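# Observations on the model geometry
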Amino acid sequence: MSITLAPNGTYSGDGNRKTGEKSHDVTYKLISTSHIDSGTAWGNAWSLMNNQYPFFRGCVLRTVKVSGQQDAYGQVFEVVGHYVREPKEANPRFASLHFSTRGGREKKIHSFATTAYQGEFLIPPNFNHGIGFNNGLFQGVDCVVPKMGFSIEADLMASEFGEIQLAYMHNITGSVNSAPIWIFPKGSVLFLGVTGNSHREKNEITGNYDLWFKVSFEFEASPPVVNGTIAPFTNVTKEGMQYFWVWHADRKDDDSQITIPKPIAGYVETVYPYANFDWFKTLVW
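Residues numbered from 1 in each chain as written. Predicted model: local features only at pLDDT ≥ 70, side-chain atom pairs only at ≥ 80, totals over all residues. Heavy atoms only, no water.

### Focus on the nonpolar core
Of all hydrophobic cores here, the largest spans 41 residues; its most connected members are Phe 217, Trp 279 and Phe 280. Broken down by secondary-structure element, the contributors of at least two residues to this core are β2 (23-32), α1 (38-52), β4 (59-71), β5 (74-84), β11 (148-157), α2 (163-172), β13 (189-202) and β14 (209-221). The greatest single-element share of this core, amounting to 6 residues, is contributed by α1. (Core = buried A, V, L, I, M, F, W, Y, C linked by side-chain atoms within 4.5 Å. Buried < 20%, exposed > 50% of the residue type's maximum accessible area, 1.4 Å probe, protein only. Helix = DSSP H or I, 4+ residues; strand = E, 2+ residues; numbered from the N terminus.)

Below, the structure is given as structure tokens:
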């Protein structure tokens, strides 16, 4: 899939250079060589515009809207970026952060260190840190491991968080961050999804009741391993949400002379797709 974003030269504003421009709506064009839904288009447009066109005439990108239709070569979307001049102390989205570092649980089949005691064998078999070998398998043990669960709650207007944004959140549920975000490096944050409900608030200026959404974005984070040890392997590097597993093969133990499974190779697997989490950076607590 190839995504191209380009301005088409049209915009509208509510001021001029003499009186001070407060906002602009700038129209862009998003072209995809394959068919994508509006949620995916919005996510791509937001990411591209934040990277390529975050400012316009001294105003900062505030919201993005997309509309489009099928094209012979894929899909073409009209993208409207709303730019607003805001005082430096203004915060567009106030949010609250809830977190816990109580950790998660994980079955470990290899230990960091082993102390063996003599029984039937003069020299106990060396399982290379394997835990609980029984009937051809390592049973392992449940351990507490470093993990952080956290959520970000915010009240957002329907113009900022509507059907398209909700579709994008649905698309990236079960994805990890493609770039560093907050205190976490790439691939360490898993987006679990969003929950929320709608409510109406009276606009004191217009007298109308505006639609708002109270939403909670749920995440889980796990630290990476950089040139670390995952016994019995050393110099292992993996992102926080990548999965490490060990291949065992039957080998004769030199000391006990019995055949036992030994760790032959270790593998790091990428099990979650990557997604752009830039939008979440606009939620400041």
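### A closer look at the pattern of salt bridges
It is possible for side chains bearing opposite charge to pair when their charged atoms get close. Considering all chains together, one arrives at 2 salt bridges under this definition. A salt bridge links Glu 239 to Lys 186, with the shortest nitrogen-to-oxygen separation between them at 2.7 Å. With Glu 239 in the loop between β16 (233-238) and β17 (243-252) and Lys 186 in the loop between β12 (176-177) and β13, the pair connects residues that are 53 residues apart, well separated along the chain. On the accessibility criterion, Glu 239 (17% relative accessible area) is buried. Given the relative accessible area of 34%, Lys 186 is considered partly exposed. For Lys 281, the salt bridge identified is with Asp 278, shortest N-O distance 3.5 Å. By relative accessible area, which is 44% here, Lys 281 ends up partly exposed. You can call Asp 278 buried: its relative accessible area is 18%. (Salt bridge = Lys/Arg side-chain N within 4 Å of Asp/Glu carboxyl O.)

### Section: the environment of Asp 250
On the secondary structure map, Asp 250 appears in strand β17. Relative accessible area serves as the criterion here: at 55%, Asp 250 is assigned to the exposed category. C-alpha of Asp 250 to C-alpha of Lys 262: the two residues are 12 residues apart in sequence and 6.1 Å apart in space. Discounting chain neighbours no more than four positions away, the residues touching Asp 250 are Thr 259, Ile 260 and Pro 261. (Contact = heavy atoms within 4.5 Å.)

### A short note on the packing of α1 against α2
As a packed pair, α1 and α2 sit with axes 7 Å apart at the nearest point and diverge in direction by 90 degrees. Here α1 lies roughly perpendicular to α2, going by the angle between them. Between α1 and α2, the contacting residues are Ser 38, Gly 39, Thr 40, Trp 42 and Gly 43 on the first element and Ile 164, Gln 165, Ala 167, Tyr 168 and Asn 171 on the second. A per-class count over the contact of α1 with α2 returns 4 nonpolar, 6 polar and no charged. (Axes fitted to C-alpha atoms, helices over the stretch in contact; angles between N-to-C directions. Parallel < 35°, antiparallel > 145°, perpendicular 65-115°, else oblique. Nonpolar A, V, L, I, M, F, W, Y, C, P; charged D, E, K, R; others polar.)

### Observations regarding the confidence of the model for the chain
Residues at a pLDDT of 70 or more form 83% of the chain, whose mean pLDDT is 77. When mean pLDDT is compared element by element in the chain, β12 scores highest at 93, while strand β1 (residues 3-13) scores lowest at 53. Per-residue pLDDT stays below 50 along residues 13-20; that stretch engages in 9 contacts with residues further than four places along the chain or on separate chains. (pLDDT = per-residue confidence, 0-100.)

### Let's talk about the pairing of β17
Sheet topology places β17 next to strand β18 (residues 259-269); 10 bridges connect them, and they run antiparallel. Residue pairing across strands places Arg 251 opposite Ile 260, the latter belonging to β18. Between β17 and β18, which follow one another and run antiparallel, lie 6 residues, and Gln 257 among them has a positive phi close to 65 degrees. (Pairing = 2+ DSSP bridges.)

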